[in-house]
Amino acid sequence: QVQLVESGGGLVQPGGSLRLSCTISGSIITVNTWDWYRQAPGKQRELVANITHAGNTDYAEAVKGRFTISQDKSKKTVYLQMNSLKPEDTAVYYCYVDLFVRIGIRGGYWGQGTEVTVSS
C-alpha cells in the first residue's frame, strides 16, 4: 500500500528557511509528477510547485525565486526548499504524487500535511 510521509514543517522567522520532505512508502513502478500544495487558514488549497519525472519544474508566482522543488528518485522523495519566507507563506503544506503503482495502474496520493508558520 502506498503512503506519503511528510516532514520538515515548523515555526520560522520572516526571512528564514525550511526544507520540507515527502517520501513514498510502499512499492511503486514510477512517479509521473510531484506537487506541493498549501492551504492557509480560511483559504482554498493552492498549488505551490510541481516537478515532472523528467525534472521539469513550475512554480506559483507568489513563490518564484524563493522556493525550489527537487526530487531524489532513488529515495522516492520530493523536497521543497523554502527561502526568504514571509508571513503569508504560513499554511499547511501537502505533497501530492501521481504515479504508477503497477503496470497500467495509476493513482494519486496525498501526504498528511505539515504545518509551516512564519512569524516573529
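In the block above lies the structure referred to throughout.
Residues numbered from 1 in each chain as written. Predicted model: local features only at pLDDT ≥ 70, side-chain atom pairs only at ≥ 80, totals over all residues. Heavy atoms only, no water.

Q: Lay out the pattern of salt bridges with the relevant residues and their values.
A: Enumeration according to the criterion identifies 5 salt bridges in this entry. Ionic pairing is found between Arg 38 and Asp 89, a salt bridge with its closest N-O pair at 2.9 Å. Taken together, the residues span a long stretch of sequence, with Arg 38 in strand E4 (residues 30-39) and Asp 89 in the loop between strand E8 (77-82) and strand E9 (91-102) at a distance of 51 residues. Each of the two residues, Arg 38 as well as Asp 89, counts as buried. As a salt-bridge pair, Arg 66 and Asp 89 come within 2.7 Å of each other at their nearest N and O atoms. Placement of Arg 66 in the loop between strand E6 (57-59) and strand E7 (67-72) and of Asp 89 in the loop between E8 and E9 is noted, with a sequence separation of 23 residues between them. A relative accessible area of 1% means that Asp 89 is categorised as buried. (Salt bridge = Lys/Arg side-chain N within 4 Å of Asp/Glu carboxyl O. Helix = DSSP H or I, 4+ residues; strand = E, 2+ residues; numbered from the N terminus. Buried < 20%, exposed > 50% of the residue type's maximum accessible area, 1.4 Å probe, protein only.)

Q: How would you sum up the environment of Gly 26? Please name residues and give values.
A: Tracing the sequence through the fold places Gly 26 in the loop between strand E3 (18-25) and E4. Sequence separation of Gly 26 and Thr 117 is 91 residues, and the distance between their C-alpha atoms is 30 Å.

Q: Got a sec to walk through the sheet that holds E8? Specific residues and values, please.
A: Strand order in the open sheet formed by 4 strands is E1-E3-E8-E7, with antiparallel pairing between adjacent strands. Since the sheet does not close on itself, it has two edges, and those belong to strand E1 (3-7) and E7, each with one partner. The mean inter-strand angle of the sheet, taken between neighbouring strand axes irrespective of direction, is 15°. Where E1 meets E3, 5 bridges bridge the pair, whose relative direction is antiparallel. When the bridges of E3 are listed, Ser 7 appears paired with Ser 21. (Pairing = 2+ DSSP bridges. Axes fitted to C-alpha atoms, helices over the stretch in contact; angles between N-to-C directions.)

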